[in-house]
Amino acid sequence: MIEIELMNTAAALARRAGDLAFVGRATLDRANDVDTKSTATDMVTRWDSASERLIVADIERRRPDDGIIGEEGAAKASRSGVSWLVDPIDGTTNFLYGLAGWAVSIAAVDDTGTPDGTLAGAVYLPATRELFVAARGHGAWLAGRRLTCSSSDDTATALVGTGFSYSSERRAQQGQRVARLLPHVRDIRRTGAAAPDLCYVADGRLDAYFEEGLQAWDLAAGLLIATEAGAHASDFTGGSPVPSNVLVSGNVLVSAPRLHDRLLELIGPV
Ligand code: IPD
Ligand code: CA
Ligand code: CA
């Protein structure tokens, strides 16, 4: 089964790259190893680039006809119908500050135009040595345990994760959403990395997670892991599902199925 094979590949790559960055972090020089990208708060370190290089080289060796899109610049068209979406360090700010919430996120997607294009994914958190994996139609897994999302139906006791963009304009809007939601839920969490947040929904450590303006490499692996664990996913209108073409960025609400409609009402229009 191609999905399982791709999941195992994603898992092996994520673990190798994550361990490389984890060890490398000890030698990180904040003055020389960090650059900024879209804004002064959007950073890239030497280890984001090294992690992506390792993943790209490994994919090219194992599956030379596959496409690759990496956050740090990898761009290669697919000849096989499979492409890889790579976030070499999701949670770079945490990585830089020595906080645990960062991960390597890798997804294999069917880019021949079929809906629900994510075939397999892996999210590896080196600080806790947790490797979350999923294959489409085969469930989501952590250390041999099949994951099931929360069964909560009560928003008042729901623990909800979210994240914020690097654009201050967008943050102002995100602040309004959070302000509206906060009085109605148990509490809010901001891990600092979208892929782990999605995995936490898969494992019931969060009842829900939402964020706007995510990129495909933030979303693809974690979203498959969450939905394979039974979570419900949509954009903020609830009408159209999260982009069926996973190469498009999007707004996402992922939650325990019975919380979804009420959470949509609460976070919906700003
Ligand atoms: C970011 C993290 C963060 C989320 C941002 C992402 P990066 O990814 O996932 O939690 O709130 O939207 O851009 O830049 O650390 O890979
Ligand atoms: Ca990211
Ligand atoms: Ca990143």
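So, here is what we can say about the structure in this document.

Parameters and conventions
- Residues numbered from 1 in each chain as written.
- Chains lettered and ligands numbered in written order.
- Predicted model: local features only at pLDDT ≥ 70, side-chain atom pairs only at ≥ 80, totals over all residues.
- Heavy atoms only, no water.
- Core = buried A, V, L, I, M, F, W, Y, C linked by side-chain atoms within 4.5 Å.
- Buried < 20%, exposed > 50% of the residue type's maximum accessible area, 1.4 Å probe, protein only.
- Helix = DSSP H or I, 4+ residues; strand = E, 2+ residues; numbered from the N terminus.
- Domains from an automatic or database assignment.
- Pairing = 2+ DSSP bridges.
- Salt bridge = Lys/Arg side-chain N within 4 Å of Asp/Glu carboxyl O.

## Description of the nonpolar core
Within the largest apolar cluster, 36 residues are counted, with the highest numbers of intra-cluster contacts made by V123, F132, L147, I225 and V254. Among the secondary structure elements, those contributing two or more residues to this core are β6 (103-110), β7 (118-125), β8 (130-135), β9 (140-142), α5 (194-202), β13 (208-214), α6 (216-228) and β15 (250-255). When residues in this core are grouped by element, the largest group, eight residues, is from α6. Of the residues that make up this core, three or more belong to each of domain 1 (2-146) and domain 2 (155-267).

## Some words on the sheet that holds strand β10 (residues 145-146)
Taken in spatial order, the eight strands of this open sheet run β4-β3-β5-β6-β7-β8-β9-β10, and their pairing is mixed. Each edge of the open sheet is held by one strand with a lone partner, namely β4 (75-76) and β10. Judged from the three bridges that link them, β8 and β9 form a sheet pairing that is antiparallel. Residue pairing across strands places A134 opposite A140, the latter belonging to β9.

## Looking at the pattern of salt bridges
Two side chains carrying opposite charge are able to pair once their charged atoms lie near each other. One pass over the structure, following the stated rule, counts 15 salt bridges. In this structure, D153 and R258 form a salt bridge, with 3.7 Å as the shortest nitrogen-oxygen distance. Highlighted residues: D153 in the loop between β10 and β11 (159-162) and R258 in the loop between β15 and α7 (260-267), separated in sequence by 105 residues. Exposure class is identical for D153 and R258. Each is exposed. The salt bridge involving E212 is made with R177; its shortest N-O contact spans 2.7 Å.

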